[in-house]
Amino acid sequence: MLTAEQADAKAFEDAKWEAEEAIRAYVNQIDYSAYSDENAAIINGYVVAAGETLSNATTYAGLEGLVDTLKAQIESVEKMAKKTGGCGSAIGLAAGAVVLASAALVLRKKKED
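Let me begin by describing the structure that accompanies this report. Computed from a predicted structure; not experimentally measured.

What counts and what doesn't
Residues numbered from 1 in each chain as written. Predicted model: local features only at pLDDT ≥ 70, side-chain atom pairs only at ≥ 80, totals over all residues. Heavy atoms only, no water. Salt bridge = Lys/Arg side-chain N within 4 Å of Asp/Glu carboxyl O. Helix = DSSP H or I, 4+ residues; strand = E, 2+ residues; numbered from the N terminus. Buried < 20%, exposed > 50% of the residue type's maximum accessible area, 1.4 Å probe, protein only. Expected span 1.5 Å × (residues − 1). Phe/Tyr/Trp six-rings, centres within 6.5 Å; stacked < 30°, edge-to-face > 60°.

## Notes on the pattern of salt bridges
Inspection of the entire model under this criterion finds three salt bridges. A salt bridge links E20 to R24, with the nearest nitrogen and oxygen atoms 2.9 Å apart. With E20 and R24 both in helix α1 (residues 4-28) and four residues apart, this pair spans about one turn of that helix. Under the relative-accessibility criterion, E20 is labelled buried at 0%. Judged by relative accessible area, R24 falls into the partly exposed class, the value being 23%. A single network of salt bridges, built from pairs that share partners, joins E20, E21 and R24.

## Notes on α1
In this model α1 runs 36 Å from its N-terminal to its C-terminal C-alpha over 25 residues, within 8% of the 36 Å that 1.5 Å per residue would give. For α1, the set of buried residues is F12, E13, K16, A19, E20, I23, Y26 and V27.

## Re the packing of aromatic side chains
For the coordinates displayed, the defined rule picks out one aromatic pair. Ring plane angle 85° and centroid distance 5.2 Å describe the contact between F12 and Y60, whose orientation is recorded as edge-to-face. With a gap of 48 residues between them, F12 in helix α1 and Y60 in helix α3 (residues 60-63) connect regions that are remote in the sequence. Exposure remark for F12: the relative accessible area of 9% places this residue in the buried category. On the basis of relative accessibility, which here comes to 47%, the residue Y60 falls in the partly exposed class.

What follows is the structure in structure tokens.
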């Protein structure tokens, strides 16, 4: 049987996990080919910042609106056709995956402790 404090901690970790899953789902559906390399880099910066916020969150207030804010930031980035082939989409997907994988490792480590 969990104590009230343990139950609260578990509920918070579950909320972090749900936020991470929502971020992952949103990032995975982004069509990076619709953005210039520069704008793809801006999106990656937003994803990295969201991942850091998620990893460092210690209260529900730190999680509140995180996914919606990330979505709004990404949706504000101008889309345009790429002029030439580039690696923006591959870089974008890789950066997003690394950030979310790092967040998952931190969450699992905290959950084990």
